Amino acid sequence: MRKQLLLLTFALFWAFTTNAQEGERLKVTAGVRVNPFVMYDFEGNKTEMTRIHAELGAMFNKKTYLSVGYTPYVNSIYNFNEYWLSGFENKIPVSWVVAEEYMFDENKFILQSGPNFKLGNVGNAFVFLFTPVDNIDWGLKVGAFIPLNVVLFKK
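Computed from a predicted structure; not experimentally measured. (Residues numbered from 1 in each chain as written. Predicted model: local features only at pLDDT ≥ 70, side-chain atom pairs only at ≥ 80, totals over all residues. Heavy atoms only, no water.)

**Student:** Looking at this model, I keep getting lost on the pairing of strand S7 (residues 124-132). Mind explaining?
**Tutor:** Successive side chains on a regular strand alternate, one facing one side of the sheet and the next facing the other. Sheet topology places strand S6 (residues 108-118) next to S7; seven bridges connect them, and they run antiparallel. Within S7, the position partnered with Phe117 by the bridge is Ala125. Linking two consecutive strands that pair antiparallel, namely S6 and S7, is a turn of five residues; a positive phi of about 60° is found at Gly120 within it. Pairing of S7 with strand S8 (residues 139-154), which is carried by seven bridges, proceeds in the antiparallel orientation. (Pairing = 2+ DSSP bridges. Helix = DSSP H or I, 4+ residues; strand = E, 2+ residues; numbered from the N terminus.)

Here you go:
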């Protein structure tokens, strides 16, 4: 079930890229993301934390971003799928994210989704709902992504 959900999400976002018009561009990046955030559960508890992720990603036609990454602190691998609803020519570009994470040590699969807002060159702010897949228990994540990336390839 976990693998099928991951493959389905990837396939849906891949479909966005294959329907792009002529002149599409590809940008491949690698690097780290600093990710400060606050997690809220719906019993009123909150937890503040910061994570560092290593990531390899590709932006297609300045609309779709797909990446895979690793978070050492929680020993997890993730897939980050993002579709930009309003483009980078707008003052505050907005995207929708669907991300999956597998935590090896806890044998836990997490699904999260929500809006993401580009804040100039400093990074992104986000608001995501998240839940473990095997035991639905919704929570809210509010935070930022601060990318420290290099461009490996641009077309």
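**Student:** So what exactly am I meant to see when it comes to the environment of Leu129 here?
**Tutor:** Inspection of the secondary structure puts Leu129 in strand S7. The exposure class assigned to Leu129 is partly exposed, which follows from its relative accessible area of 41%. For Leu129, the residues in contact, after removing those within four places along its chain, are Phe42, Leu111, Gln112, Ser113, Trp138, Gly139 and Leu140. (Buried < 20%, exposed > 50% of the residue type's maximum accessible area, 1.4 Å probe, protein only. Contact = heavy atoms within 4.5 Å.)

**Student:** Would you take a moment to explain the pattern of salt bridges for this structure?
**Tutor:** Opposite charge on two side chains makes pairing possible when the charged atoms of those side chains draw close. Scanning the entire structure with this criterion turns up two salt bridges. Between Lys108 and Glu106 there is a salt bridge, with its nearest N and O atoms 3.4 Å apart. The exposure class assigned to Lys108 is partly exposed, which follows from its relative accessible area of 26%. (Salt bridge = Lys/Arg side-chain N within 4 Å of Asp/Glu carboxyl O.)

Worth remembering: the numbers are spatial, not functional.
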